[in-house]
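What follows is each chain in one-letter form.
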Amino acid sequence: MQESSPFLQFIADEMYTRRYAKRTIETYLHWIKFFILFHKKQHPKDLIEQHVEQFLTHLAVTRNVAVQTQALALNALSFLYKEILKRPLALNLNFNQAAKPRKLPVVLTKPEVTQLFACMDPQYLLLTQLLYGSGLRLMEAVRLRVNAIDFDYLSLMVWHGKGGKHRRVTLAPELIEPLRRQITLVQAFYQQDIQTAEFAGVWLPFALARKYPSAPKELGWQYLFPSTRLSIDPQSNVLRRHHIDETSLQKAVRTASKKAGICKQVTCHTLRHSFATHLLEAGMDIRTVQEQLGHTDVRTTQIYTHVLKQGASGVKSPLSQLL
């Protein structure tokens, strides 16, 4: 069964209608397709809960996936059977639980963050500083709009973050001037775009464009980090200016990390991990850090306390007594 199959397309359309994020749709389709291929391309309507259990056990035993990966696959299949096939899965499915533990996050020291910034391509420096300075996820950063910046209260509004949640995060005052310069760049693109007859305005989520018809062509709704060229939106087949490609930022961070000589596996998310750890290190309470990160459960935030406990804080090595 191909990804372009009518069945998978129906699932995608249903998820779009329910306002699921594009990445969530892609992820769910990946696991549903994997499930179908695992059972030799049988249609899910012909498969029962035992087949789901077999697949989840295969992921844990043969593929050795992490706990959260197996849980994600289960979420995709639960959606499939409950919302698409109208046959909800039982709550007591019997399958081997993944035992691969969650890795502790990679965290940079403050000097390492400084080294990384010094080696960043100037084109991506501001984005990288926002990832660290405001604890943003990769896609939250590249999807920022001009009107998300609150200079008066030194904060950023993150709309439709992970799980569709909104939150307000801190903004370093040192980034005010770089952000103003970035907005000037956006204005230059904007003036050019509105002179283009075919320009349909920026993409807006869900029914917002219908509720506010003029919003797609207003400066405030334009992406803060726009692409350098206009392109056709594959969903609506109209001309828009999208945000920059997130993979270019990921590549820039990897390149800067190597150039800085940082012997850690550094990704964009490493800067978010570092943000949280450094806040806790500075004495910030965990509930505030939880709110800044947008975690639903404080237990997710607590993993950063484990990072601190692994280090020397509060524990003196016996080697120090010898040397």
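Along each chain, numbering runs from 1 in the same order as the chain's sequence is written. The model is predicted, so local features are restricted to residues of pLDDT at least 70 and side-chain atom pairs to those at 80 or more, both for listing and for counting; the totals for chains, interfaces and linings are taken over all residues. Hydrogens and water are ignored here; the side-chain numbers use all heavy atoms of the structure.

Asker: Could you clarify how one ought to interpret unusual backbone geometry in this entry?
Answerer: With the exception of glycine, the majority of residues adopt a negative phi angle, and the majority of peptide bonds are in the trans configuration. Here Lys-86, not a glycine, exhibits a phi torsion of approximately 60°, which is positive. Type-normalised accessible area, obtained with a 1.4 Å probe on protein chains alone, sets the label of each residue: buried when under 20%, exposed when over 50%, and partly exposed for intermediate values. Take Lys-86: its relative accessible area is 56%, and that puts it in the exposed class. Of note, the phi angle at Asn-237 is positive, near 60°, even though the residue is not glycine. Put simply, DSSP H or I for four residues or longer makes a helix, DSSP E for two residues or longer makes a strand, and each gets a number counted from the N terminus. Inspection of the secondary structure puts Asn-237 in the loop between strand S4 (231–232) and strand S5 (239–240). A residue is classified by how much of its surface remains accessible, and Asn-237, at 61% relative accessible area, is exposed.

Asker: Looking at this structure, how should I read the sheet that holds strand S2 (residues 155–158)?
Answerer: In a beta sheet, neighbouring strands are held together by backbone hydrogen bonds and run either parallel or antiparallel to one another. Paired strands, as defined in this entry, are two strands with at least two bridges between them according to DSSP. The strand order S1-S2-S3 describes an open sheet built from three strands, whose pairing is antiparallel. The two strands at the open ends of the sheet, each matched to only one other strand, are strand S1 (149–150) and strand S3 (167–170).

Asker: Please clarify how helix H2 (residues 22–38) should be interpreted in this entry.
Answerer: Counting along an α-helix, one turn takes 3.6 residues, and residues three or four places apart therefore face a common direction. In a helix, the anticipated span is given by 1.5 Å times the number of residues less one. Taking 1.5 Å per residue as the helical rise, H2 with its 17 residues ought to reach 24 Å, and the 24 Å between its terminal C-alpha atoms agrees with that figure. All of the buried residues in H2 are Ile-25, Tyr-28, Leu-29, Trp-31, Ile-32, Phe-34, Phe-35 and Ile-36. In what follows, residue pairs with any heavy atoms lying within 4.5 Å of each other are defined as contacts. Each element contacted by the buried residues of H2 is listed here: helix H1 (6–17), helix H3 (49–61) and helix H4 (67–84). Trailing H2 by a residue or two, Lys-40 shows a phi angle of about 55°, which is positive.

Asker: Would you explain the side chain of His-39 in this entry?
Answerer: Within the secondary structure layout, His-39 lies in the loop between H2 and H3. In terms of polar contacts, His-39 uses its side chain to reach the backbone carbonyl oxygen of His-51, at 2.9 Å. Ignoring anything within four residues of it in the chain, the contact list for His-39 reads Leu-47, His-51, Gln-54 and Phe-55. Residues adjacent in sequence count toward polar contacts only when both atoms are side-chain atoms; beyond that, a polar contact is any pair of N or O atoms within 3.5 Å, and within protein one must be able to donate a hydrogen and the other to accept it.

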